[in-house]
Amino acid sequence: RGRRRVRLRKRITPPPEVIAQGTPAILEYLRNQAAYHTQQLMAGAAGGVAAMFYMWWFGPTKKPDPGMSVNGVLAGLVAITPACGWVGVGGGLIIGALAGVCCFWGVTGLKKLLGADDALDVFGIHGIGGILGALLTGVFNSWSMGEAGKNDMLQEICLRFDFLNNIGMSMSMKVDPPGRNSI
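(A) Expanded view of the pattern of salt bridges. All chains considered together, the criterion is met by one salt bridge. Lys111 is paired through a salt bridge with Asp121; the nearest N and O atoms lie 2.6 Å apart. With a gap of ten residues between them, Lys111 in helix H4 (residues 89–114) and Asp121 in the loop between H4 and helix H5 (122–139) connect regions that are remote in the sequence. Overall, Lys111 belongs to the partly exposed group, its relative accessible area being 25%. Classification of Asp121 by relative accessible area gives buried; the value is 14%.

Right, here's the structure in full:
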């Protein structure tokens, strides 16, 4: 009997190369890890609260919906994933809140607009949230998160999306050239 000890499942231990550098490097590593975890927690919470209030104020039933709030938490976590380590905690809050609202639109409006049969709302949450998080990484990029802080990061992300789009277009042109199968 007695008191049960609660153990953490995973400890935040610095890798050996950080330990070899001494105490200042270890403290910096632990500070960054705490900031990463706080950033993820805040983004998920902001997404859930934003989705709940958006559903409450603008939703079809004008009532807070727990299911949509859970979707907002998931949307905030999905959106902060590309930005983790590149934005600060404040940026994580804003990205999470925007993801909660945008993914609400992805789950309700975009699904109706496309006529998609997405029962689990996978694209509305993961697709829209991932794209939004990738683009907002460049907007909220800051020097306060380690080696981050490239000023032209948003431009670089957009160029990479454009590059991938061009690769996809060229591959589809090679598979089915125009004019060959036309009637």
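Still to come is the rest of the account.
(B) Spatial organisation of unusual backbone geometry. Positioned with a positive phi, Lys62 is a non-glycine residue whose angle comes to about 55°. With respect to the helices and strands, the residue Lys62 is situated in the loop between helix H2 (23–58) and helix H3 (66–80).

(C) Summary view of the confidence of the model for the chain. Averaged over all residues, the pLDDT of the chain is 78; the fraction at 70 or higher stands at 70%. The least confident element of the chain is helix H6 (residues 153–175), whose mean pLDDT is 55; the most confident is H3, at 93. A low-confidence stretch, residues 171–176 stays under pLDDT 50, and its non-local contacts, those more than four residues away or across chains, total two contacts.

What counts and what doesn't
Residues numbered from 1 in each chain as written. Predicted model: local features only at pLDDT ≥ 70, side-chain atom pairs only at ≥ 80, totals over all residues. Heavy atoms only, no water. Salt bridge = Lys/Arg side-chain N within 4 Å of Asp/Glu carboxyl O. Helix = DSSP H or I, 4+ residues; strand = E, 2+ residues; numbered from the N terminus. Buried < 20%, exposed > 50% of the residue type's maximum accessible area, 1.4 Å probe, protein only. pLDDT = per-residue confidence, 0-100. Contact = heavy atoms within 4.5 Å.

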